Amino acid sequence: MNSHQDELRRGIAQLLPRLRRFGSALAGTLDDGDDIVQAAIERALAKSDQWQPGTRLDSWLFKIMQNFWRDEVRMRKNNE
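Residues numbered from 1 in each chain as written. Predicted model: local features only at pLDDT ≥ 70, side-chain atom pairs only at ≥ 80, totals over all residues. Heavy atoms only, no water.

Participant: Break down helix 1 (residues 3-27) for me, with residues and values.
Facilitator: The end-to-end C-alpha separation of helix 1 is 33 Å, in line with the 36 Å expected for 25 residues at 1.5 Å each. At Leu-16, helix 1 shows its largest bend, some 55°, and a proline, Pro-17, comes one to four positions later. What helix 1 keeps buried is the set His-4, Leu-8, Gly-11, Ile-12, Leu-15, Leu-19, Gly-23, Ser-24 and Ala-27. Looking at the buried residues of helix 1, the elements they touch are helix 2 (30-46) and helix 3 (57-78). Where helix 1 terminates, the next one or two residues include Gly-28, which has phi positive at roughly 90°. (Helix = DSSP H or I, 4+ residues; strand = E, 2+ residues; numbered from the N terminus. Expected span 1.5 Å × (residues − 1). Bend = angle between axes of the 7 residues up to and from the residue. Buried < 20%, exposed > 50% of the residue type's maximum accessible area, 1.4 Å probe, protein only. Contact = heavy atoms within 4.5 Å.)

Participant: Got a sec to walk through the packing of helix 1 against helix 3? Specific residues and values, please.
Facilitator: At their nearest, the axes of helix 1 and helix 3 sit 10 Å apart, and the two run at 40° to each other. Here helix 3 runs oblique to helix 1, going by the angle between their axes. Crossing angle aside, the handedness with which helix 1 passes helix 3 is right-handed. Mapping the contact onto sequence places Leu-8, Gly-11, Ile-12, Leu-15, Arg-18, Leu-19, Phe-22, Gly-23, Leu-26 and Ala-27 in helix 1 and Leu-57, Asp-58, Trp-60, Leu-61, Phe-62, Met-65, Gln-66 and Trp-69 in helix 3. Taken together, the residues of the contact of helix 1 with helix 3 sort by class into 13 nonpolar, 3 polar and 2 charged. (Axes fitted to C-alpha atoms, helices over the stretch in contact; angles between N-to-C directions. Parallel < 35°, antiparallel > 145°, perpendicular 65-115°, else oblique. Left-handed = near helix turned anticlockwise from the far one by under 90°. Nonpolar A, V, L, I, M, F, W, Y, C, P; charged D, E, K, R; others polar.)

Participant: Just give me the short version of the pattern of salt bridges, but keep the residues and values in it.
Facilitator: What the rule picks out here adds up to 6 salt bridges. With a closest N to O distance of 3.9 Å, Arg-76 and Asp-32 form a salt bridge. Separated by 44 residues along the polypeptide, Arg-76 in helix 3 and Asp-32 in helix 2 bring together distant segments of the chain. Arg-76 gets classed as partly exposed once you look at its relative accessible area, which sits at 38%. Between Arg-74 and Asp-71 there is a salt bridge whose closest N-O contact spans 3.2 Å. Taken as a pair, Arg-74 and Asp-71 lie in helix 3 at a separation of 3 residues, close to a single helical turn. (Salt bridge = Lys/Arg side-chain N within 4 Å of Asp/Glu carboxyl O.)

Encoded structure:
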């Protein structure tokens, strides 16, 4: 693991409380909020090369969470 990935992982760990609050606010429930956080972290780690050290990690993760939730809501509506 390189220093870029180490920095990303440390940053994510520090942001977990804020990510959980934001996820719960998006979804309306703690369980769905935690699912959003998990999906966002998975995506962030898979696309870690897209995050640039020195930029706002929180903004990047919040955007990933918003996009995931928007896609999830759209999928749920289509399955009704």
